[in-house]
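Here is what each chain is made of, one letter per residue.
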Amino acid sequence: MIKELTKAEEQIMLILWEMEEALVKDVIEKMNEPKPAYNTVSTVIRVLEGKGFVDHKAIGNTYIYFPIIKEADYKRFALDKVMNNYFENSYESLVSFLVKDKSMSNEELNELIQLAEKLKKNK
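Residues numbered from 1 in each chain as written. Predicted model: local features only at pLDDT ≥ 70, side-chain atom pairs only at ≥ 80, totals over all residues. Heavy atoms only, no water.

Q: Quick question: what am I supposed to make of the layout of surface pockets here?
A: Rolling a probe over the atoms, with the probe sized like a water molecule, indicates the empty space that remains. A volume near 440 Å³ is recorded for the largest pocket. Along the wall of the largest pocket there are 12 residues; nearest its centre are Tyr-91, Leu-112, Leu-115, Ala-116 and Leu-119. Elements with a contribution of two residues or more to the lining of the largest pocket: helix 5 (91-100) and helix 6 (106-121). With six residues, the single largest contributor to the lining of the largest pocket is helix 6. Of the residues contributing to the lining of the largest pocket, the split by class is nine nonpolar, no polar and three charged. (1 Å grid on protein atoms, 1.4 Å probe; cavity = no way out; pocket = protein on both sides within 12 Å on 5 of 7 lines; lining within 4 Å. Points joined across faces, edges and corners; volume = space filled by probe spheres on them. Helix = DSSP H or I, 4+ residues; strand = E, 2+ residues; numbered from the N terminus. Nonpolar A, V, L, I, M, F, W, Y, C, P; charged D, E, K, R; others polar.)

Okay, structure coming up:
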């Protein structure tokens with residue numbers, strides 16, 4: 001079962017999903033300034049291993065980390081959580097929120113409708 005990520009964990013996972021595998025120093029290089037300490041990133045990655053998001057392969061005494069949860073699976077989990085917690089599992093409520101509260105333009109709304117229709121046909 002997928003667990004929710006903290007902001008720091010999510011930031012590292014986004015980098016690992018992009019890179020597919022990385023050393024701790026590679027992850028740090030991809031992070032924005034101010035860059036966290038090596039030990040901080042290493043600790044978060046080990047927590048991600050414990051949560052079942054990341055695994056590693058050892059080459060000598062160097063660990064190469066890689067994601068074992070797919071980004072698409074986590075996106076689905078995160079969207080389901082938002083839909084359940086904030087929109088009562090109603091896509092109508094979500095679209096209403098986007099149009100009213102986020103000032104979605106008519107053009108953006110039409111693009112969303114066209115995309116939904118296209119995806120529905122390809123199901």
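So much for the structure itself; the text now carries on.
Q: Sorry if this is basic, but what is going on with the packing of aromatic side chains here?
A: Two numbers describe a pair of aromatic rings. These are the distance of the centres and the angle of the planes. Scanning all chains against the criterion turns up five aromatic pairs. Taking the centre distance of 6.1 Å and the plane angle of 35 degrees together, the rings of Trp-17 and Tyr-74 count as tilted. Taken together, the residues span a long stretch of sequence, with Trp-17 in helix 1 (residues 7-19) and Tyr-74 in helix 4 (residues 71-86) at a distance of 57 residues. Since its relative accessible area comes to 13%, Trp-17 is described here as buried. Tyr-74 gets classed as buried once you look at its relative accessible area, which sits at 7%. An angle of 40 degrees between the planes, with centres 5.5 Å apart, marks the rings of Tyr-74 and Phe-77 as tilted. (Phe/Tyr/Trp six-rings, centres within 6.5 Å; stacked < 30°, edge-to-face > 60°. Buried < 20%, exposed > 50% of the residue type's maximum accessible area, 1.4 Å probe, protein only.)

Q: How should the pairing of strand 2 (residues 62-67) be read in this particular structure?
A: Here six bridges tie strand 1 (residues 54-59) to strand 2, and the two strands are oriented antiparallel to one another. Each bridged residue has a counterpart across the sheet, and for Ala-58 the counterpart in strand 2 is Tyr-63. (Pairing = 2+ DSSP bridges.)

Q: Would you mind going over the pattern of salt bridges with me for this structure?
A: Pairing of side chains with opposite charge becomes possible as their charged atoms draw close. A complete count under the given rule lists six salt bridges for this structure. Between Glu-21 and Lys-57 there is a salt bridge whose closest N-O contact spans 3.0 Å. With Glu-21 in the loop between helix 1 and helix 2 (24-30) and Lys-57 in strand 1, this residue pair connects regions lying 36 residues apart in the sequence. (Salt bridge = Lys/Arg side-chain N within 4 Å of Asp/Glu carboxyl O.)

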